[in-house]
Amino acid sequence: MEEPMEGIEETSISGKLKKILKEILRMEISNGRHTKAVFKPKRSDIIRKKEKYLDSLARLITKEEGESEEEESKEARDICVAVCQVEVDGKKKLLIANNLEEPKGPKEFLPLLQKFANAEVENQSKVFTRLFELSVNNSFAIIQRTSGENRWKNTGSIKGKKINELKKEIISYSRRVKNKSLIDKQKKESLEKIFKWSLDSSEEMKRENISDSSNWELLVPIDDLNIIINAIKDRSLGQELIEIIKIGDFKYIMGKKDEHAEMKIVNWLLEKGQKGKYYIGISKLTCSPCWAVIENINKDESKGLLLNARGTHGATYGENWEIPANIEEYGESLIDVFESKLPHEKPKESTSEVQITGVTQSDLFTAKELAGQTYASTSAARK
Ligand SMILES: [Zn+2]
């Protein structure tokens, strides 16, 4: 039996891409941290308000953490979520995807949003409380994720005092919910505190014009909930999207792990032969391979698609980028794009562009001949 060859040439598009992306990731990591992006980060210039709502919605319905350790290991959370409003056979739908096999948070949040949109005013607060609990879970996950990075340093100033109180309350509430040591009344009181303090903190942040947002990240899930709920109530979310939510026309896209959320949406649009302009709402800025795919499709007139999203952070995730089936035709061009960013082997200069075989005995002049040659060429030049 033949031994497999060492360093065998990777031939599949997906394999070649993974190999290049792995090398690019290595370039992006410095001091053990992934802080660099090989591609220039970009933001889309024109995003309409309706499109910004899609970004808020995508972020809101992202489940940041599984309820238990066992769930965590089963990947009971979303790393990123993407949403897109489409019309198929005259029917409007909301496409939803994440980068795992199936969306998690969206399946908890969206039915509740549907309930909220359909509820009589007097029943809305009960549904809102359930949604608020999910958002607080996400805040808690963000606190846990960021506290390890020592980003909660108390500056000693009045700034951030409210946010620290809020943080403590969210931690205490979440731990007691996990231990099941909260009676309903305590749970209600704690949630009311968190709600009030998060509004106060938002106010403080605006008033003090705090631009360093890392200490305030935990407010984002609660903020997004308020944005979406208010936009449903005052109908600024848009008639079409509100109708989709009320009817519950949600299309959860399944797929492979590591096919990124926005790529699952693009793959679906290509599969159905959809044409026209689409804005993809994303919970996080896209990575550079996803952005490169979007740019490629926009250049390909045969597809009749014009895609947009809010921007890219320009970085890659190495091998953790799977190319969905309908996107594979752009694989070669992606390989070119990424290959051009790799450092290349610097070629050694040969002594002569003409003669690459090297100096041989028969070609050598004697010193005298050489002097004559030099003299001859100099005198020839004088003529
Ligand atoms: Zn991506």
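Note that the structure is predicted; figures quoted are calculated from it, not measured. All chains use their own residue numbering, which begins from 1 and follows the written sequence. Reporting in this predicted model follows two pLDDT cut-offs: at least 70 for local features of residues, and 80 or more for side-chain atom pairs to be given and counted; totals over whole chains, interfaces and linings ignore these cut-offs and use all residues.

Brief notes about the overall build of the protein
When helices and strands are tallied, the protein shows 13 helices and nine strands. We call a residue exposed when 12 or fewer other C-beta atoms sit within 10 Å of its C-beta, buried when the count reaches 20 or more, and partly exposed for counts in between; the C-beta positions come from the backbone. Out of the 383 residues in the protein, the part that is buried amounts to 30%. Segments assigned H or I by DSSP are reported as helices when at least four residues long, segments assigned E as strands when at least two residues long, and all are numbered from the N terminus.

Overview of the nonpolar core
If you look at the biggest cluster of nonpolar residues, it comprises 71 residues, and the most contacted ones within it are Ala-82, Val-83, Ile-265 and Val-293. For every residue pair, C-beta atoms are placed from the backbone, and the pair is scored as a contact if these atoms sit within 7 Å. In contact with Ile-265, not counting residues within four places along its chain, are Ala-82, Cys-84, Leu-95, Ala-97, Ile-253 and Ile-280. As used here, a nonpolar core is made of buried Ala, Val, Leu, Ile, Met, Phe, Trp, Tyr and Cys residues. They are joined through C-beta atoms within 7 Å.

Describing the environment of Lys-167
Relative to the assigned elements, Lys-167 resides in helix 6 (residues 161–179). Using a count of 21 C-beta atoms within 10 Å as the deciding quantity, one classes Lys-167 as buried. With 31 residues separating them in the primary sequence, Lys-167 and Ser-198 have C-alpha atoms 9.3 Å apart. With sequence-adjacent residues up to four places away left out, Lys-167 is seen in contact with Ile-143 and Leu-218.

Considering the sheet that holds strand 4 (residues 81–88)
Whether two strands pair comes down to DSSP finding at least two bridges between them. Pairing is mixed across the open sheet formed by five strands, whose spatial order is 6-5-4-7-8. The open sheet has two free edges, formed respectively by strand 6 (250–252) and strand 8 (305–308), since each of these has just one partner strand. Taken over all neighbouring pairs, the strand axes of this sheet differ in orientation by 25° on average, direction set aside. Bridging between strand 4 and strand 5 (residues 91–98) involves eight bridges; their strand directions are antiparallel. Across the sheet, the residue bridging to Gln-85 is Leu-94, located in strand 5. Fitted lines through C-alpha atoms serve as axes, helices being fitted only where they are in contact, and the angles separating the N-to-C directions of these axes extend from 0 to 180 degrees. Running at roughly 75° to strand 5, helix 9 (residues 239–247) makes contact with strand 4 and strand 5 of the sheet.

A word on the pairing of strand 5
Counted between consecutive antiparallel strands, the loop separating strand 4 from strand 5 contains two residues, among which Asp-89 sits at a positive phi close to 50°. Of the strand pairs in this sheet, strand 5 and strand 6 are connected by three bridges, and their pairing is parallel. Bridge assignment links Leu-95 to a residue of strand 6, and that residue is Lys-251.

Some remarks on the environment of Lys-22
With respect to the element layout, Lys-22 can be found in helix 1 (residues 13–28). Judged by local crowding, Lys-22 falls into the partly exposed class, with 15 C-beta atoms found within 10 Å. Taking the C-alpha atoms as reference points, Lys-22 and Trp-321, 299 residues apart in sequence, are found 9.8 Å from one another. With sequence-adjacent residues up to four places away left out, Lys-22 is seen in contact with Gly-318 and Glu-319.

A closer look at the confidence of the model for the protein
Reading fine detail from the predicted coordinates is not recommended where pLDDT is low. Each residue carries a pLDDT value, the predictor's own confidence for that position, ranging from 0 to 100. Summary statistics for the protein give a mean pLDDT of 86 and a share of 83% for residues scoring 70 or more. Mean pLDDT values for the elements of the protein range from 55 in helix 3 (residues 69–73) up to 98 in helix 10 (residues 261–271). Contacts for the low-pLDDT stretch residues 378–383, under 50 throughout, to residues beyond four places or in other chains number zero contacts.

Things to note about helix 2 (residues 49–60)
Expected span of a helix: the number of residues minus one, times 1.5 Å. The terminal C-alpha atoms of helix 2 lie 16 Å apart, and with 12 residues this matches the ideal 16 Å at 1.5 Å per residue to within 8%. By the burial criterion, the buried members of helix 2 are Tyr-53, Leu-54, Asp-55, Ser-56, Leu-57, Ala-58, Arg-59 and Leu-60. Against the buried residues of helix 2 lie strand 4, helix 4 (105–118), helix 8 (220–233) and strand 7 (276–282).

Regarding helix 7 (residues 184–207)
End to end, helix 7 covers 35 Å across 24 residues, agreeing with the expected 34 Å (1.5 Å per residue, within 8%). Inspection of helix 7 places Ile-194, Trp-197, Ser-198, Ser-201 and Met-205 among the buried residues, and these make up the whole buried set. The inward-facing, buried residues of helix 7 contact helix 5 (121–147), helix 6 and helix 8. Where helix 7 ends, the next residue or the one after it, Asn-209, has phi of about 50°, a positive value.

Notes on the packing of helix 1 against helix 12 (residues 331–339)
Remark: helix 1 packs on helix 12, axes separated minimally by 10 Å, with the N-to-C direction vectors making an angle of 20°. When the axis of helix 1 is compared with that of helix 12, the two are roughly parallel. Here helix 1 and helix 12 pass one another in a crossing that is left-handed. Counted together, Ile-13, Lys-16, Leu-17, Ile-20, Leu-21 and Ile-24 of helix 1 and Gly-331, Glu-332, Leu-334, Ile-335, Phe-338 and Glu-339 of helix 12 form the full contact between these two elements. Throughout this description, any angle smaller than 35 degrees is read as roughly parallel, any larger than 145 degrees as roughly antiparallel, any in the 65 to 115 degree range as roughly perpendicular, and the remainder as oblique. Two helices cross in a left-handed way if the nearer one is turned anticlockwise from the farther one by less than a right angle. They cross in a right-handed way if the turn is clockwise.

Describing the environment of Phe-116
Along the polypeptide, Phe-116 turns up in helix 4. What makes Phe-116 buried here is the crowd of 22 C-beta atoms within 10 Å. Along the chain, Phe-116 and Lys-246 lie 130 residues apart, while their C-alpha atoms are 8.5 Å from each other.

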